[in-house]
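Descriptive structure summary
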Amino acid sequence: MSHKIFDLTNKTALCIGGAGGIGSESCIALSEAGVNVIIADLNVQKAEKLADKCRSNNVESMAIEVNVTQEQSIDDMFSSIFNRFSKIDILIYFVGYNNRQRISEFTKKEWEKTFEINMTGCFLVCKKMAEQMKKTGGGKIVITTSIQGVIANPLYSAYAASKAAMIHFAKIAAQEWIEDNIYVNSIAPTATDTEFIQKFLKDNPGKREFFESNIPLGRIAKPFDYIGPILFLCSKASDFLVGHCLFLDGGESIH
Ligand SMILES: NC(=O)c1ccc[n+]([C@@H]2O[C@H](COP(=O)([O-])OP(=O)(O)OC[C@H]3O[C@@H](n4cnc5c(N)ncnc54)[C@H](O)[C@@H]3O)[C@@H](O)[C@H]2O)c1
């Protein structure tokens with residue numbers, strides 16, 4: 001029998017970008033743990049299919065469209081959710097965007113797009129979520145950053161800078177909101193076998209081997225690798241972690 005400190009039964013989680021590779025595996029794991037899962041994503045068709053799968057684990061699940069680059073869309077998402085759910089206990093921000101190119105090739109528009117999707121979207125969603133959590137007694141917020149926000153690699157300037165900003169944002173939000181019982185932490189995954197990098201790996205032979213040679217565990221990650229850490233950060237078991245960034249990297253950041 002698992003320890004009750006890990007128990008998530010009857011909690012409700014809002015997963016932004018939840019229909020993606022890492023998000024969908026996490027949403028299913030949350031539903032298996034007895035969590036009601038709200039999947040908010042730009043791709044609502046994928047979110048709907050995932051909600052069906054979550055419901056098969058006898059929890060409530062809702063799919064909803066959101067575009068985190070539009071504040072009105074975020075507000076509409078929260079209004080619809082709060083028409084149906086009175087309390088959200090867990091927020092996970094999975095949305096991410098990366099355009100790998102040299103600094104000299106970046107346009108202002110493309111640079112800003114990266115920050116808008118990664119950092120500004122996260123700021124808006126977390127801010128609005130914290131306002132609600134404050135009224136309902138607190139909760140857990142998990143922000144998905146990247147190991148690229150910790151280590152520095154060429155071609156990752158906008159992405160890595162935005163992810164480093166997210167790690168720092170989580171540390172500050174954690175301090176500002178802990179008095180309201182809102183626990184903010186972040187995760188920093190390494191290269192993971194999802195649509196997010198599959199095309200890049202296909203178009204750049206040798207890149208997978210390059211990533212793997214930098215990871216002591218000897219392989220890139222699968223979304224399944226993150227389930228344990230995510231469930232941990234959503235549960236009471238992680239209550240002494242405040243503003244922590246958990247490196248989910250097979251040892252990549254040791255060097
Ligand atoms: N896959 C990797 O190699 C890797 C490595 C490190 C960190 N990460 C981070 O993990 C997170 C999840 O990555 P993934 O591999 O699951 O990516 P993914 O592309 O499979 O999923 C991202 C999801 O976000 C949604 N999305 C994109 N733009 C949106 C917007 N404007 N509004 C709402 N939803 C939007 C997409 O529809 C998609 O479902 C991202 O933040 C990414 O930066 C991924």
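Residues numbered from 1 in each chain as written. Predicted model: local features only at pLDDT ≥ 70, side-chain atom pairs only at ≥ 80, totals over all residues. Heavy atoms only, no water.

**Considering the overall build of the chain**
When helices and strands are tallied, the chain shows eight helices and seven strands. Against the compact-globule benchmark of 18 Å for 255 residues, the chain has a radius of gyration of 17 Å, which places it among compact chains. Considering only C-alpha atoms, the chain reaches an extent of 45 × 45 × 35 Å along its principal axes. For the chain, with 255 residues in total, the buried portion stands at 52%. When contacts within the chain are restricted to residue pairs at least 6 apart in sequence, those whose partners lie at least 24 apart make up 71%. Total accessible area on the chain is roughly 12400 Å²; 53% of this is exposed by carbon and sulfur atoms. In the chain, the 27 positive side-chain charges and the 29 negative ones have mean positions that sit 1 Å from each other. (Helix = DSSP H or I, 4+ residues; strand = E, 2+ residues; numbered from the N terminus. Rg over C-alpha atoms; globule rule 2.2 N^0.38 Å. Buried < 20%, exposed > 50% of the residue type's maximum accessible area, 1.4 Å probe, protein only. Contact = heavy atoms within 4.5 Å. Areas by Shrake-Rupley, 256 points an atom, 1.4 Å probe, with all protein chains shown as cover. Lys, Arg positive; Asp, Glu negative; His and termini not counted. Charge placed at Lys NZ, Arg CZ, Asp CG, Glu CD.)

**Brief notes about helix H8 (residues 227-234)**
Along H8, the residues that are buried comprise Ile227, Pro229, Ile230, Leu233 and Cys234. Considered in projection along H8, the buried side chains sweep an arc of 165° and stay on one side of the axis. Next to the buried residues of H8 lie helix H1 (21-32), strand E4 (90-93), strand E5 (139-144), strand E6 (182-189) and strand E7 (245-248). (Arc of directions from axis to C-beta.)

**Observations concerning the packing of helix H4 (residues 108-136) against helix H5 (residues 157-177)**
With their axes 9 Å apart at the nearest point, H4 and H5 run at an angle of 15° to one another. With respect to each other, H4 and H5 are oriented roughly parallel. Handedness of the crossing formed by H4 with H5: right-handed. Taken together, the residues of H5 that come into contact with H4 (itself represented by Trp111, Thr114, Phe115, Asn118, Met119, Cys122, Phe123, Cys126, Lys127 and Ala130) are Ser157, Ala158, Tyr159, Ala161, Ser162, Lys163, Ala165, Met166, Phe169 and Trp177. In terms of residue class, the contact of H4 with H5 is made up of 14 nonpolar, four polar and two charged. (Axes fitted to C-alpha atoms, helices over the stretch in contact; angles between N-to-C directions. Parallel < 35°, antiparallel > 145°, perpendicular 65-115°, else oblique. Left-handed = near helix turned anticlockwise from the far one by under 90°. Nonpolar A, V, L, I, M, F, W, Y, C, P; charged D, E, K, R; others polar.)

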